[in-house]
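Per-entry structural report
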Amino acid sequence: DAKTTQPNSMESNEEEPVHLPCNHSTISGTDYIHWYRQLPSQGPEYVIHGLTSNVNNRMASLAIAEDRKSSTLILHRATLRDAAVYYCILRRSSGSARQLTFGSGTQLTVLP
Amino acid sequence: NAGVTQTPKFRILKIGQSMTLQCTQDMNHNYMYWYRQDPGMGLKLIYYSVGAGITDKGEVPNGYNVSRSTTEDFPLRLELAAPSQTSVYFCASSYPGQGNTEAFFGQGTRLTVV
């Protein structure tokens, strides 16, 4: 399975934008890029996903590099409630029950 | 809409005891998964199922068993509990899709084996 690389931790000030990077240099052409986050003592929750084009939803934006070897999750205005571990995951379009393979993620700290 | 429900939320087991972690989903999802998460680590896949009657091993299946008799339920069985199985267990479900569907996770079962 293709792997992802994320920084272990990042800090942001409240109400400022946050850019969380992810490298996935061995991504295949049909892998979707997913982002999940895990708040303290909770199960992971879906944030956003994309294939080639940039994506926006109510939670965040996903910017995908043209060669698809990296992506960035953008939180437009960080709040204290956004403090969580953010996981960048490649999800295959076929086989293996579309497993989500988790790495160690990025711990985001939001400073008031 | 309940989503994915796991029971119990917490459990303490003695070494050698057995238990079943329950997971049920009300979204009619074909795919279901069991993960474990050790402190400070990411989630590791234990078992998964693509539909009723079909299960397969994930990355860390040793010491666990699963069954999938209905679409809704996917119980995880621990036989002969060991301290190494102390962890938080998460169940998840999703539609098959083409890799473009979101997975829904339960709130987890925190298991301690002493």
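Reference entry: report on the structure contained in this document. As the structure is a computational prediction, the values presented were derived from the model and not from experiment.

**Let's talk about the sheet that holds strand β4 (residues 45-50) of chain A**
Residues and elements named next belong to chain A. The 5 strands lie next to each other as β1-β9-β8-β3-β4, forming an open sheet whose pairing is mixed. Of all the strands in the sheet, just β1 (9-13) and β4 have a single pairing partner and so form its edges. The sheet shows a mean angle of 25 degrees between the axes of neighbouring strands, taken without regard to direction.

**Comments concerning the side chain of B:Gln37**
Structurally, B:Gln37 is set in strand β4 (residues 31-37). A residue is classified by how much of its surface remains accessible, and B:Gln37, at 11% relative accessible area, is buried. A polar atom in the side chain of B:Gln37 sits 2.8 Å from the side chain of A:Gln38. Setting aside residues no more than four positions away along its own chain, B:Gln37 makes contact with A:Gln38, A:Tyr87, B:Gly42, B:Leu43, B:Ser87, B:Val88 and B:Phe90.

**Describing the interface of chain B and chain A**
Each side of the interface is counted separately: chain B has 23 residues, and chain A has 21 residues. Across the chain B/chain A interface, buried area totals approximately 1800 Å², and carbon plus sulfur atoms make up 50% of it. Counting the surface chain B buries against chain A, the share from its top three residues, B:Leu43, B:Gly99 and B:Phe105, is 24%. Tallied by class, the residues present in the side of chain B that touches chain A amount to 12 nonpolar, 10 polar and 1 charged.

Reading the values: rules and limits
- Residues numbered from 1 in each chain as written.
- Chains lettered and ligands numbered in written order.
- Predicted model: local features only at pLDDT ≥ 70, side-chain atom pairs only at ≥ 80, totals over all residues.
- Heavy atoms only, no water.
- Pairing = 2+ DSSP bridges.
- Helix = DSSP H or I, 4+ residues; strand = E, 2+ residues; numbered from the N terminus.
- Axes fitted to C-alpha atoms, helices over the stretch in contact; angles between N-to-C directions.
- Buried < 20%, exposed > 50% of the residue type's maximum accessible area, 1.4 Å probe, protein only.
- Polar contact = N/O pair within 3.5 Å; in protein donor to acceptor, adjacent residues only side chain to side chain.
- Contact = heavy atoms within 4.5 Å.
- Buried area = accessible area lost by both parts, 1.4 Å probe.
- Nonpolar A, V, L, I, M, F, W, Y, C, P; charged D, E, K, R; others polar.

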